[in-house]
Amino acid sequence: MRARFAGWTLRRRVVALLTVVGVLLGVSVAVEIAVATKNREHINTVLNRAGPLRAWSQELLGVLVDQETAIRGYALTGNDRDLEPYVQGSAREQQLYRDMRALIGVYPSLRGQLDRVEAEAAEWRRTVAEPVIRTTEQEGTEAGRALVTDQTRQRFTVIRTSVAELQQGILAEREKSADDIYRTSSILVVLLVMAALVVVAAGAVLLISLDRMVVRPLTGLAEQVREVAEGDYQHRIVGAGPPELQQLAGDVDAMRQKIAKELAEVREARESIEWVNSQLQKQAEELVRSNRDLEQFAYVASHDLQEPLRKVASFCQLLQRRYAGQLDERADQYIAFAVDGAQRMQRLINDLLAFSRIGRLTTGFTEVDLNRLMGDVAGQTESARQYADAELTWDELPTIRGEEPLLTNLVANLVSNSVKFRRPDVPPRVHVSARLVGDEWEISCQDNGIGIEPEFADKIFVIFQRLHSKDAYPGTGIGLAIVKKIVEYHGGRVWVDTGTAEGTAIRFTLPALPEDVEAAREAERRAAEADAAEAGEPADGSEPADGSEPAGDDATGARPPRQADPRTERADGAPDSDSTGGVKETVG
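Here the structure is a predicted model, which is why all the values come from computation and not from measurement.

### A short note on the overall build of the protein chain
When helices and strands are counted, the protein chain shows 14 helices and eight strands. For the protein chain, the residues scored as buried account for 32% of the 588 residues in total. In the protein chain, of all internal contacts separated by at least 6 residues, the share reaching a separation of at least 24 is 71%. Accessible surface, the protein chain: about 35700 Å² in total, of which carbon and sulfur atoms supply 55%.

Laid out in structure tokens, this is it:
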């Protein structure tokens, strides 16, 4: 038997197992359907036959009692109104007989009891009710009462007994159907348990079969492959298990032989490649070492200069405080020069230290909401803007990926420069906006200050380069160099727009999020379709016949700035006066 199944493929074995399980489950499902159908019939009998029959039998007894009571009442009063329950009860009684016969057909014994009740009720009406009515109408109430005797009451008691027996029979049939429901439900549960056991057993057999036919042969094949991978390319790979796995082992062994054949050629080529790589690696290491030495020099130079410079500044300030007014005016001036020089040197060193740290100490890129960032910038520059009576506004700004502290420093430097390089007697106005150009956000910082001559547009981004004397505009001349380094660290570029009519416009780019680029392209496509539809032209990008350009957004993908309500709330639900689009931040 084992040899007979040894030639079976894995597919054939799995199909055979699934076929057996399917047959067993199919038989189980067929039996369950039959039992469920029988169970539903029993439930239908209880709900739609025995239940209504029991209710109607109780109503039948009540109708008969109403008729008997009406006859006795009429015999006492002779009033025709007392006969209305009798007349109505008789009609309802006949309707109940018809309704009950429609459902009682499957119960022969109950049908006989119902016929007996009907016959006894008809006999009672013929021998008791109708004579009493007729006598009372013809001879008066006293003659009618004389006909209502114990014998007539005994006859009605017989009817009551027959109705009670009918009700007892209906109850017995209902209990029998309930027992049938319980029995079929139990059988159905047993069948479901058996089906579950079949599934569990099939799963166990399948798991064991897969372990013996697939997992173990594959594990053995993997061990042989690992031996080859570790360098034993002469190890022959032998397969076991189903024919598919044996064929796979043969294919892998053929691949091993091909690899072993080509390995010699690869080794020869590797020697030449390794020599070239060693030369390139030496050059790369030399370049990295040179850059590291330059960065270390800038850091160490600025850091090590702090201590002696701090000592010079401290003693100069001590001389200024202790001997101020005791020496001549020129000595006080010399001391003031020394203090100012030491302080300016400290600022230069601190700025140089900050410049050297950009890109070296990183917190990782995250998604940064520039609207919230502008709120932080507004807080950082508040004192300077308050002193200069400056106004800071910005449009709706995007969310980008970057380092939030560096981006905050970038925008704060631009805003501070716009406030510092202002025109006399003109309140500074600084506006920050953004537009999408291709797959980059172009962000602009526009002011109404003194402006920059075109020939100096590139010079201002060089470290320690100043266009004005320190007396006119204080500072170290490194702020825009820091701006340029931060922008380039984020993969963008920065420049001065020399075409502005007033003030200075510094623009820089930052990579946009993919979803923003996709949304902009979709908007351009829809706008093009809308324009083509209005012009009666196909939206295939073809040009109009007159050569005119289609109206709509420009090709840069710029979004028009919008002014938002200053009461707009932030994403966390709190009102924000600094970080929403179109917000006007004024300090005066």
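### A closer look at the pattern of salt bridges
For the structure shown, the criterion picks out 16 salt bridges. The residue Arg-92 makes a salt bridge to Glu-59 at a minimum N-O spacing of 2.7 Å. One end of the pair, Arg-92, is in helix α3 (residues 84-104); the other, Glu-59, is in helix α2 (residues 10-77), and 33 residues separate them in sequence. By relative accessible area, which is 29% here, Arg-92 ends up partly exposed. Among the residues examined, Glu-59 registers a relative accessible area of 31% and is labelled partly exposed. For Arg-116, the salt bridge goes to Glu-165, with nearest N and O atoms at 2.8 Å. Of this pair, Arg-116 sits in helix α4 (residues 108-139) while Glu-165 sits in helix α6 (residues 150-229), placing them 49 residues apart in sequence.

### Here's the deal with the pairing of strand β3 (residues 399-402)
Of the two faces of β3, only one is covered, namely that formed by Ile-400 and Gly-402; the face formed by Thr-399 and Arg-401 stays uncovered. Alignment of strand β1 (residues 366-369) against β3, held across four bridges, turns out to be antiparallel. Following the sheet pairing, Asp-369 is matched in β3 by Thr-399.

### A word on the packing of helix α10 (residues 370-380) against helix α12 (residues 404-420)
Following both chains from N to C, one finds α10 and α12 inclined at 55 degrees, their axes separated by 9 Å at the closest point. Compared by their axis directions, α10 and α12 come out oblique. In this structure, the crossing between α10 and α12 has a hand that is right-handed. Note on element contacts: α12 touches α10 through Glu-404, Leu-407, Thr-408, Val-411, Ala-412 and Val-415, opposite Arg-372, Leu-373, Met-374, Asp-376, Val-377 and Gln-380.

### A look at the nonpolar core
Ranked by internal contacts, the top residues of the largest apolar core, which has 44 residues, are Leu-410, Leu-414, Ile-443 and Phe-508. Put simply, the parts of the chain that give this core at least two residues each are α10, β2 (391-394), α12, β4 (429-437), β5 (440-447), α13 (479-489), β6 (494-497) and β7 (505-511). Per element, the largest residue contribution to this core is eight residues, and it comes from α12. If we skip the residues at most four places from it in the chain, Leu-410 touches Val-483, Ile-486, Val-487 and Phe-508.

### Side note on unusual backbone geometry
Residue Asp-389 is not a glycine yet carries a positive backbone phi of 55 degrees. Tracing the backbone through its elements, the reader meets Asp-389 in the loop between α11 (382-388) and β2. Given the relative accessible area of 41%, Asp-389 is considered partly exposed. Of note in this structure, Asp-425 is not a glycine but carries a positive phi near 60 degrees. Position of Asp-425 relative to the elements: it lies in the loop between α12 and β4.

### With respect to the environment of Lys-258
In this structure, Lys-258 sits in helix α7 (residues 243-304). For Lys-258, a relative accessible area of 55% corresponds to the exposed category. Measuring from C-alpha to C-alpha, the distance between Lys-258 and Tyr-233 comes to 10.0 Å, with 25 residues separating the pair along the chain.

### A word on the environment of Phe-508
With respect to the element layout, Phe-508 can be found in strand β7. Judged by its relative accessible area of 2%, Phe-508 falls in the buried class. In this structure, the C-alpha to C-alpha distance between Phe-508 and Trp-441, residues 67 residues apart in sequence, is 8.2 Å. When neighbours within four sequence positions are excluded, Phe-508 is seen to be in contact with Leu-410, Leu-414, Trp-441, Glu-442, Ile-443, Val-487, Arg-493, Val-494 and Trp-495.

### Some words on the packing of α2 against α4
Where α2 contacts α4, the two axes come as close as 10 Å, and the packing angle between them is 15 degrees. Considering the angle they form, α2 stands roughly parallel to α4. Considering only the axes of α2 and α4, their crossing is left-handed. Here Leu-60, Leu-64, Gln-67, Glu-68, Ile-71, Tyr-74 and Ala-75 of α2 come into contact with α4, specifically with Leu-114, Val-117, Ala-121, Trp-124, Arg-125, Ala-129, Val-132, Ile-133, Thr-136 and Glu-137. For the contact of α2 with α4, the per-class residue count stands at twelve nonpolar, two polar and three charged.

### A few points about α13
Within the span of α13, buried status applies to Leu-480, Ala-481, Ile-482, Val-483, Ile-486 and Val-487. Positive backbone phi, at 85 degrees, marks Gly-491, one or two positions downstream of α13.

### Concerning a nonpolar patch on the surface
Nonpolar side chains collect at one region of the surface, where Val-23, Val-27 and Val-31 lie side by side and expose about 240 Å² of accessible area between them. Residue placement: Val-23 occurs in helix α2.

### Some remarks on the confidence of the model for the protein chain
Averaged over every residue, the pLDDT of the protein chain is 78; residues scoring 70 or more account for 82%. Note on residues 539-583: pLDDT under 50 across the span, and 57 contacts to partners over four residues away in sequence or across chains.

### Regarding the environment of Asp-516
Turning to its location among the elements, Asp-516 is positioned in helix α14 (residues 514-535). Remark: the alpha-carbon pair of Asp-516 and Pro-398, spanning 118 residues in sequence, is separated by 8.6 Å. Contacts of Asp-516, omitting those with residues within four sequence positions, involve Thr-399, Leu-436 and Trp-441.

Here is what the cut-offs are and how they apply
Residues numbered from 1 in each chain as written. Predicted model: local features only at pLDDT ≥ 70, side-chain atom pairs only at ≥ 80, totals over all residues. Heavy atoms only, no water. Helix = DSSP H or I, 4+ residues; strand = E, 2+ residues; numbered from the N terminus. Buried < 20%, exposed > 50% of the residue type's maximum accessible area, 1.4 Å probe, protein only. Contact = heavy atoms within 4.5 Å. Areas by Shrake-Rupley, 256 points an atom, 1.4 Å probe, with all protein chains shown as cover. Salt bridge = Lys/Arg side-chain N within 4 Å of Asp/Glu carboxyl O. Pairing = 2+ DSSP bridges. Axes fitted to C-alpha atoms, helices over the stretch in contact; angles between N-to-C directions. Parallel < 35°, antiparallel > 145°, perpendicular 65-115°, else oblique. Left-handed = near helix turned anticlockwise from the far one by under 90°. Core = buried A, V, L, I, M, F, W, Y, C linked by side-chain atoms within 4.5 Å. Nonpolar A, V, L, I, M, F, W, Y, C, P; charged D, E, K, R; others polar. Patch = residues over 30% accessible without salt bridge, like charges linked within 9 Å, V, L, I, M, F, W, Y side chains within 5 Å. pLDDT = per-residue confidence, 0-100.

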